[in-house]
Amino acid sequence: MYKIAVIGGDGIGPEVTREAMKVLQVTSELCGFKYETTDYPFGSEHYLKTGELVPESVYTEYREHDAIFLGAIGDPRCEVGLVERAVIGGIRFKLDLYINLRPIKLYSEALCPIKDKKCEDVDMVVVRENTEDVYTGLGGIMKQGTPDEVAVANMVFTRKGCERAVRYAFELAKARNKDNKVTLIDKANAIRAQDIWTRTLEEVGAEYPDIEKDHAYIDAACMWLVKNPEWFDVVVTTNIFGDIFTDLGAMVQGGMGIAASGNIHPGQVSMFEPIHGSAPKYKDKNVASPIAAIMAVQMLLEFLGEDKGATHIEGAVATLLKSGRLPSLDARSGFSTTQVGGMVVEELKKNKVSKTSL
Ligand code: IPM
Ligand code: MN
């Protein structure tokens, strides 16, 4: 019996979460695993109503779960970043979810904005370091509002943080056995502190003689992601560069409506979410694509070792996209959030996975 904590969150979060949970339920019935969910109300609405962000005691409760699912956080009525830092940042930092795993995979050529790219040209996984860099909050503002104002945000990199991310990337490249290549993306030419990444890649990479070590600066990497996405297999990068690179990656794979992520600490409770935001203007309009949230469930099941269920969900989404029945991953698809969720469920049922085939 898996225990899954669910945070619908803000904006379109609850709507896409509802569809993702429908898909989880049907997959569990088809594949024969059992789970129970605990709903948590955290987000901007909860904050505005109660003044509470996230109580400290909740992290103990989270740890009693096998996984956490999160819809989206963010509301323009609240101070910029306040609730995101508390709810998302809280989970990432306090549970030490040091890997942010973000696959970039194209399921239908028609979805790719780059001309002449085939599905096999866009198939990479970004390993975004998830607990350091400018996200630690080290820094501050002095003499605010005066002509002498100083604002500092420190980029923090520890050997431990770099090493566990780099090692994860090499292990992933080995397991994927695709191009057997790890590309480090940094900006060590301008930010000398990032030399720690260069050295860590060399040292850890020496333990993996069969995996090619590649390197790109973030500016050039963005260019290559658009020009030659086929050059990437496994990418490892810093927290902020990973954040930026994967939004671009999402567009290359068809849009924010499909890109999912796993915030992972191997062997411990981990959190899965679409990489898109809360899109407040589409809240309760039933137009947002639930596919990214559904793909986050796919990643969650893979993490739990429910490979059959994960493959099954990916297969259903891929079939809808490849056949053109779901022509896009945004409101232009002509289908509502609930309709798209329903289409995935129908597809899952068609490809019935029986218990005996497990
Ligand atoms: C993401 C988001 C977050 C981040 C925000 C909401 C703080 O953009 O998960 O990519 O910057 O990590
Ligand atoms: Mn982001």
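Below or above, wherever it landed, is the structure these notes cover. It should be emphasised that the depicted structure is a prediction, and the values quoted were computed from it without experimental measurement. (Residues numbered from 1 in each chain as written. Chains lettered and ligands numbered in written order. Predicted model: local features only at pLDDT ≥ 70, side-chain atom pairs only at ≥ 80, totals over all residues. Heavy atoms only, no water.)

Some thoughts on the overall build of the protein
Turning to step 1, where the next piece is worked out: Each helix and strand in the protein was counted, giving eleven helices and twelve strands.
Turning to step 2, where the next piece is worked out: The principal-axis extent of the C-alpha atoms belonging to the protein is close to 60 × 55 × 40 Å.
Turning to step 3, where the next piece is worked out: Split into buried and exposed, the 358 residues of the protein put 54% on the buried side.
Turning to step 4, where the next piece is worked out: Here the contacts in the protein between residues at least 6 apart in sequence split such that 76% fall between residues at least 24 apart. (Helix = DSSP H or I, 4+ residues; strand = E, 2+ residues; numbered from the N terminus. Buried < 20%, exposed > 50% of the residue type's maximum accessible area, 1.4 Å probe, protein only. Contact = heavy atoms within 4.5 Å.)

A short note on the side chain of Ser-108
Turning to step 1, where the next piece is worked out: Of note, Ser-108 is situated in the loop between strand E4 (99–105) and strand E5 (123–129).
Turning to step 2, where the next piece is worked out: For Ser-108, a relative accessible area of 9% translates into the label buried.
Turning to step 3, where the next piece is worked out: Discounting chain neighbours no more than four positions away, the residues touching Ser-108 are Cys-119, Leu-321 and Lys-322.

Concerning helix H9 (residues 291–304)
In an α-helix, one turn spans 3.6 residues, which is why side chains three or four residues apart end up on the same side.
Turning to step 1, where the next piece is worked out: With 14 residues, H9 extends 20 Å from end C-alpha to end C-alpha; this agrees with the ideal 20 Å at 1.5 Å per step.
Turning to step 2, where the next piece is worked out: Burial runs high along H9: twelve of the 14 residues are buried.
Turning to step 3, where the next piece is worked out: Trailing H9 by a residue or two, Gly-305 shows a phi angle of about 90°, which is positive. (Expected span 1.5 Å × (residues − 1).)

A closer look at the packing of helix H7 (residues 218–227) against helix H8 (residues 239–252)
Turning to step 1, where the next piece is worked out: Contact pair H7 / H8: the axes reach a minimum separation of 10 Å and the direction vectors enclose 10°. Between H7 and H8, the angle falls in the class roughly parallel. From H7, Ile-218, Ala-221, Cys-222, Leu-225 and Val-226 reach across to H8, where they touch Phe-241, Phe-245, Leu-248, Gly-249 and Val-252.
Turning to step 2, where the next piece is worked out: Taken together, the residues of the contact of H7 with H8 break down into nine nonpolar, one polar and no charged. (Axes fitted to C-alpha atoms, helices over the stretch in contact; angles between N-to-C directions. Parallel < 35°, antiparallel > 145°, perpendicular 65-115°, else oblique. Nonpolar A, V, L, I, M, F, W, Y, C, P; charged D, E, K, R; others polar.)

Examining the packing of H9 against helix H10 (residues 307–322)
Turning to step 1, where the next piece is worked out: For the pair H9 and H10, interaxial distance at closest approach is 7 Å and the crossing angle is 155°. In terms of axis orientation, H9 runs roughly antiparallel to H10. The hand of the H9/H10 crossing is left-handed. Contact residues: H9 offers Ile-291, Ile-294, Met-295, Val-297, Gln-298, Leu-301 and Glu-302, while H10 offers Asp-307, Gly-309, Ala-310, Ile-313, Glu-314 and Val-317. (Left-handed = near helix turned anticlockwise from the far one by under 90°.)

A closer look at the pattern of salt bridges
When their charged atoms lie close together, side chains carrying opposite charge are able to pair.
Turning to step 1, where the next piece is worked out: Tallied over the entire structure, the rule returns 25 salt bridges.
Turning to step 2, where the next piece is worked out: Here Lys-22 and Glu-19 are joined by a salt bridge, their closest N and O atoms 2.6 Å apart. Residue Lys-22 and its partner Glu-19 are both found in helix H1 (residues 13–31); the two are separated by three residues, about one turn of the helix.
Turning to step 3, where the next piece is worked out: For Lys-22, a relative accessible area of 32% puts it in the partly exposed group.
Turning to step 4, where the next piece is worked out: The salt bridge involving Lys-350 is made with Glu-347; its shortest N-O contact spans 3.2 Å. (Salt bridge = Lys/Arg side-chain N within 4 Å of Asp/Glu carboxyl O.)

Considerations on the sheet that holds strand E1 (residues 2–9)
Turning to step 1, where the next piece is worked out: Reading across from one edge, E2-E1-E3-E12-E11-E4-E5-E10-E8-E9 is the order of the ten strands in this open sheet, with mixed pairing throughout. Since the sheet does not close on itself, it has two edges, and those belong to strand E2 (35–40) and strand E9 (212–217), each with one partner. When the angles between neighbouring strand axes are averaged without regard to direction, this sheet yields 25°.
Turning to step 2, where the next piece is worked out: Alignment of E1 against strand E3 (residues 67–72), held across five bridges, turns out to be parallel. Across the sheet, residue Ile-4 finds its bridge partner in E3, namely Ala-67.
Turning to step 3, where the next piece is worked out: Its contacts with the sheet place H9 against E1, E3, E4, strand E11 (260–264) and strand E12 (270–274), and it is angled at close to 155° to E12. (Pairing = 2+ DSSP bridges.)

Details of the nonpolar core
Turning to step 1, where the next piece is worked out: If you look at the biggest cluster of nonpolar residues, it comprises 89 residues, and the most contacted ones within it are Val-236 and Ile-291.
Turning to step 2, where the next piece is worked out: No other element matches the ten residues that H9 contributes to this core.
Turning to step 3, where the next piece is worked out: Look past the residues within four positions of Val-236 in its chain and what remains in contact with it is Val-127, Ala-165, Val-166, Ala-169, Val-182, Thr-183, Leu-184, Ile-185, Trp-197 and Leu-201.
Turning to step 4, where the next piece is worked out: Counting 21 residues, the second largest nonpolar core, distinct from the first, contains Tyr-62, Ile-68, Ile-91 and Val-269. (Core = buried A, V, L, I, M, F, W, Y, C linked by side-chain atoms within 4.5 Å.)

Structural notes on the site of ligand 1
Turning to step 1, where the next piece is worked out: Taken together, Glu-84, Arg-92, Arg-102, Arg-128, Tyr-135 and Asp-243 are the residues near ligand 1.
Turning to step 2, where the next piece is worked out: Separating an oxygen atom of ligand 1 from a side-chain N or O atom of Arg-102 is a distance of 3.0 Å.
Turning to step 3, where the next piece is worked out: Asp-243 is positioned with one of its side-chain polar atoms (N or O) 2.9 Å from an oxygen atom of ligand 1.
Turning to step 4, where the next piece is worked out: For ligand 1, the protein covers 72% of the area, taking 320 Å² as the surface of the free molecule.
Turning to step 5, where the next piece is worked out: Its residues assigned to classes, the shell around ligand 1 comprises one nonpolar, no polar and five charged. (Near = heavy atom within 4 Å. Polar contact = N/O pair within 3.5 Å; in protein donor to acceptor, adjacent residues only side chain to side chain. Areas by Shrake-Rupley, 256 points an atom, 1.4 Å probe, with all protein chains shown as cover.)

The quantities given are spatial measurements derived from coordinates; they are silent on function.
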